[in-house]
Amino acid sequence: MKTLLTLTTRLIAGQKWSFLRGLALSFLVLAMGAALLGLSGWFVTAAAVAGITGLGLDFDFFRPSAGVRGLALGRAVARYGERLLTHDATLRALADLRIALMDGVARRPHEEQARLRGAQALNRLTSDVDALDGLLLRLVLPFLAAGMVQLSALLMLWWLEGLPIGLAVFLIYLVGGGFGLIWVARAARHDARAAETALQNIRRRALETMRARADLAVAGQLEAATAQTLAEVEADALARRNLEALDRRVAAVISLTTALAGAAALAIAGQMAMAGQITPARAAVGLFVALALAESLMLLRRGMAEIGRMQEAGARVLALTDTPERTEPENPRSAPDPTAPLLVARALSFTRPAAARPVFTNLTLELHPGETVFLTGPSGAGKSTALAVLAGLMAPDDGELMLAGQPLAHWPEAKLRSMLTMVPQRSQLIGGTIAENLALALPMGEDLPDAEAWAALRAVALDEVIDARGGLGALLGEGGTGLSGGQSKRLALARAALRKPKILLLDEPTEGLDAETARATLTGLRALLPESAFLVVSHRTPDLALATRSIPLG
Ligand SMILES: Nc1ncnc2c1ncn2[C@@H]1O[C@H](COP(=O)(O)OP(=O)(O)OP(=O)(O)O)[C@@H](O)[C@H]1O
């Protein structure tokens with residue numbers, strides 16, 4: 001419940017007045033509904049009594065019928081306004097929540113972000129946030145409006161017909177409605193959770209099957225993977241069928257409660273009318289108001305059925321939005337010290353959380369402008385991990401790491417990223433044009449001059465390939481598909497070079513390239529950025545010929 005309360009306050013926070021007005025209108029809709037039926041009941045009964053007793057001509061038909069029309073019209077207008085206000089406010093609140101969620105994901109530790117699979121992140125942003133759209137619309141606002149209208153009905157019936165009728169109707173709704181709603185919340189929990197899990201699994205499996213379709217096809221697993229997705233579709237359908245059956249049962253409980261409340265109101269008011277304490281027309285009001293109050297439970301019933309789903313989705317959303325803010329250093333350096341080496345690592349070691357052994361220990365190196373230093377070692381020695389630590393993506397557990405004379409941890413994030421860039425082993429391109437892929441290197445909103453883009457492409461020996469494909473406007477597919485592995489890698493290298501970093505960390509930059517292209521790429525980058533220091537991880541012996549020196553790891 002704490003999760004839902006926290007989320008309710010967060011969602012309401014930015015749109016307080018819209019939600020308050022929405023609540024007032026929700027109450028008005030229900031109250032007008034009850035008043036409409038109550039007045040109609042009174043009108044019909046009073047007209048009938050007037051007819052029977054021969055007072056028909058004296059009976060004022062006009063004012064009550066105008067009241068009925070006014071209430072019916074007013075109710076429709078209030079309903080329209082309420083929908084407009086609350087839906088608009090909810091959509092805005094959910095948009096803010098999605099942004100907070102993305103921010104939270106971006107603040108997670110580097111390796112945790114790498115582990116968050118695309119489909120999983122998509123589910124957090126779509127299914128989980130969507131599950132919360134009912135929190136205010138189908139749970140909180142209807143609950144408050146229902147409470148307000150039931151209490152108002154109690155007071156109104158007390159005033160019009162006496163406390164026994166008001167209390168009887170109120171208590172029957174409290175017990176019957178309360179039982180029905182608590183029952184649906186409990187009984188739906190399992191199937192609501194199953195439907196949500198199945199829906200998220202469908203999305204995840206479908207995405208992963210599409211991504212891995214070539215591997216699955218050659219392994220003869222494509223049919224099995226498709227069958228697994230279909231099994232999730234069936235699980236989803238089954239859970240939804242169960243929820244619908246439950247919904248029908250709960251609707252029956254609410255109808256029974258309504259009938260009981262109406263019967264109690266009729267019995268008590270009937271006796272009072274026979275005893276002459278109230279007129280028959282007034283007695284009818286209790287019955288019709290009791291019947292109208294059923295509406296206050298109907299919308300709430302759907303919200304209660306979704307409680308389990310909302311709680312789980314909400315907990316997942318909060319876990320990400322509540323990622324602690326990044327702490328910026330207190331005395332950030334504003335400019336590099338030109339006399340200090342660009343990068344100094346002394347006796348660095350790094351251990352992954354909960355790992356028994358460190359990935360590497362005692363890493364010591366210095367980088368100076370214009371140098372090309374190679375980091376070598378067997379597969380699994382920790383070279384990629386070391387680059388991530390040197391790039392400030394993960395904190396070392398021991399040793400000293402200085403960037404341009406200042407501890408790397410003291411550099412503000414933006415300045416650090418403008419000084420130092422890394423091209424990881426598997427860098428990611430995006431769907432879009434070549435120019436758009438390259439422009440990712442620049443600060444938001446900054447234009448990339450064509451001449452600079454071509455110079456970077458030329459440096460990595462990719463200019464002719466891109467020219468033949470139609471130039472900078474050539475389109476790549478989703479995730480940057482449409483280039484060979486080696487071409488994709490070189491496009492990522494060109495993108496990094498466009499940042500003109502003082503330090504460039506390169507993880508296997510020549511992987512997948514023939515010897516001649518590999519050499520052209522490394523010498524081209526060197527010529528494009530003559531003042532930068534390169535730290536290169538490579539298994540290829542010919543590349544070592546370009547090294548100023550090499551440092552073994554492990
Ligand atoms: N995200 C991760 N979580 C847990 N362990 C990891 C993770 N990434 C790498 N490792 C482990 O850390 C060790 C070092 O991996 P790393 O990728 O740094 O080695 P490497 O020297 O770059 O290897 P290669 O030359 O094969 O690329 C390996 O034992 C690897 O299994």
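All values derive from a computational prediction rather than experimental measurement.

(A) Quick look at the side chain of serine 538. Tracing the chain through its elements places serine 538 in the loop between β10 (533–537) and β11 (549–552). Classification of serine 538 by relative accessible area gives buried; the value is 6%. In this view, serine 538 contacts Phe374, Leu375, Glu508, Thr510 and Asp543; residues no more than four positions away in its chain are not counted.

(B) Representation of the nonpolar core in the model. By size, the foremost hydrophobic cluster in this structure holds 57 residues, and its most contacted members are Leu97, Leu135, Leu139, Val169 and Met304. Sorting elements by how many residues they give to this core places helix α6 (residues 133–161) first, with 11 residues. When neighbours within four sequence positions are excluded, leucine 97 is seen to be in contact with Leu7, Leu11, Val129, Leu132, Val317 and Thr321. Counting residues in each nonpolar core, the second largest holds 33 residues, with Met394, Ala404, Leu416 and Ile551 among its members.

(C) Here's a closer look at the pattern of salt bridges. Inspection of every chain in the model, using the stated rule, returns 22 salt bridges. Ionic pairing is found between glutamate 208 and arginine 204, a salt bridge with its closest N-O pair at 3.7 Å. Of this pair, glutamate 208 and arginine 204 are both found in helix α7 (residues 163–211), 4 residues apart, which corresponds to roughly one turn of the helix. We note a salt bridge from arginine 240 to aspartate 236, for which the minimum N-O separation is 2.9 Å. Highlighted residues: arginine 240 and aspartate 236, both in helix α9 (residues 222–274), separated by 4 residues, approximately one helical turn. Arginine 240 gets classed as partly exposed once you look at its relative accessible area, which sits at 37%. Within the structure, one salt-bridge network assembled from shared partners comprises Arg75, Arg79, Glu82, Arg83 and Glu295.

(D) Fine view of the domain arrangement of the chain. As far as domains go, the chain holds domain 1 (2–189 + 245–321) and domain 2 (343–552). On a C-alpha basis, the centres of domain 1 and domain 2 stand 59 Å from each other.

(E) Here's a closer look at the environment of proline 424. In this structure, proline 424 sits in the loop between β6 (420–423) and β7 (432–433). Distance in space between the C-alpha atoms of proline 424 and alanine 48 is 85 Å, their sequence separation being 376 residues. Residues contacting proline 424, with those up to four places away along its chain left out, are Lys489 and Asp507.

(F) Focus on the sheet that holds strand β4 (residues 398–403). With antiparallel pairing, 4 strands are arranged side by side in an open sheet as β2-β1-β4-β5. If you trace the sheet from one side to the other, it starts and ends with β2 (360–367) and β5 (406–407), each paired once. Pairing of β4 with β5 involves 2 bridges; the strand directions are antiparallel. Note that in β5 the partner of methionine 402 across the bridge is proline 407.

(G) Structural context of the UniProt feature "transmembrane region" (unreviewed entry) in the chain. As annotated by UniProt and renumbered to match this structure, "transmembrane region" (unreviewed entry) occupies residues 20–37, 135–159, 165–185, 250–269 and 281–300. The straight-line gap between the two end C-alpha atoms of residues 20–37 is 26 Å; of that span, 100% is helix and 0% is strand. Split by type, residues 165–185 is 100% helix and 0% strand. Its first and last C-alpha atoms lie 29 Å apart.

(H) Quick peek at the site of the ligand. Around the ligand sit 13 residues, and of these Ser379, Lys383, Ser384, Thr385 and His539 come closest. Between the ligand and the protein, one listed contact pairs an oxygen atom with a side-chain N or O atom of serine 379 at 2.6 Å. Taking histidine 539, its side chain carries an N or O atom lying 2.8 Å from an oxygen atom of the ligand. The fraction of the free accessible surface of the ligand (630 Å²) that becomes covered by protein chains is 58%. With 3 residues, the top contributor of residues to the shell around the ligand is helix α13 (residues 383–390). Partitioned by chemical class, the residues of the shell around the ligand number 3 nonpolar, 7 polar and 3 charged.

(I) Summary view of the pairing of strand β1 (residues 343–350). Within β1, 6 of the 8 residues are buried, leaving the element largely enclosed by the surrounding structure. The pairing of β1 with β2 spans 5 bridges and is classified as antiparallel. Within the sheet, the bridge partner assigned to leucine 343 lies in β2 and is leucine 367. As defined by bridge partners, β1 adjoins β4 across 5 bridges and the pair is classed as antiparallel.

(J) Geometry of the packing of aromatic side chains. Applying the stated criterion to the full structure yields 2 aromatic pairs. Centroid distance phenylalanine 179 to tryptophan 183: 6.2 Å. Interplanar angle 10 degrees. Geometry classified as stacked. Taken together, the residues span about one helical turn, with phenylalanine 179 and tryptophan 183 both in helix α7 at a distance of 4 residues. Residue class for tryptophan 183 comes out partly exposed when judged on its relative accessible area of 27%. Relative to phenylalanine 360, the ring of phenylalanine 350 has its centre 6.4 Å away and its plane inclined at 25 degrees; by these criteria the two rings are stacked. Highlighted residues: phenylalanine 350 in strand β1 and phenylalanine 360 in strand β2, separated in sequence by 10 residues. Phenylalanine 360 carries the same exposure label as phenylalanine 350, and that label is buried. Sitting above the plane of the phenylalanine 534 ring, arginine 526 keeps its charged end 3.9 Å from the centroid.

Thresholds, definitions, all that
Residues numbered from 1 in each chain as written. Predicted model: local features only at pLDDT ≥ 70, side-chain atom pairs only at ≥ 80, totals over all residues. Heavy atoms only, no water. Helix = DSSP H or I, 4+ residues; strand = E, 2+ residues; numbered from the N terminus. Buried < 20%, exposed > 50% of the residue type's maximum accessible area, 1.4 Å probe, protein only. Contact = heavy atoms within 4.5 Å. Core = buried A, V, L, I, M, F, W, Y, C linked by side-chain atoms within 4.5 Å. Salt bridge = Lys/Arg side-chain N within 4 Å of Asp/Glu carboxyl O. Domains from an automatic or database assignment. Pairing = 2+ DSSP bridges. UniProt positions renumbered as here; feature names shortened; annotations may be inferred. Near = heavy atom within 4 Å. Polar contact = N/O pair within 3.5 Å; in protein donor to acceptor, adjacent residues only side chain to side chain. Areas by Shrake-Rupley, 256 points an atom, 1.4 Å probe, with all protein chains shown as cover. Nonpolar A, V, L, I, M, F, W, Y, C, P; charged D, E, K, R; others polar. Phe/Tyr/Trp six-rings, centres within 6.5 Å; stacked < 30°, edge-to-face > 60°. Lys NZ or Arg CZ within 6 Å of the ring centre and 35° of its normal.

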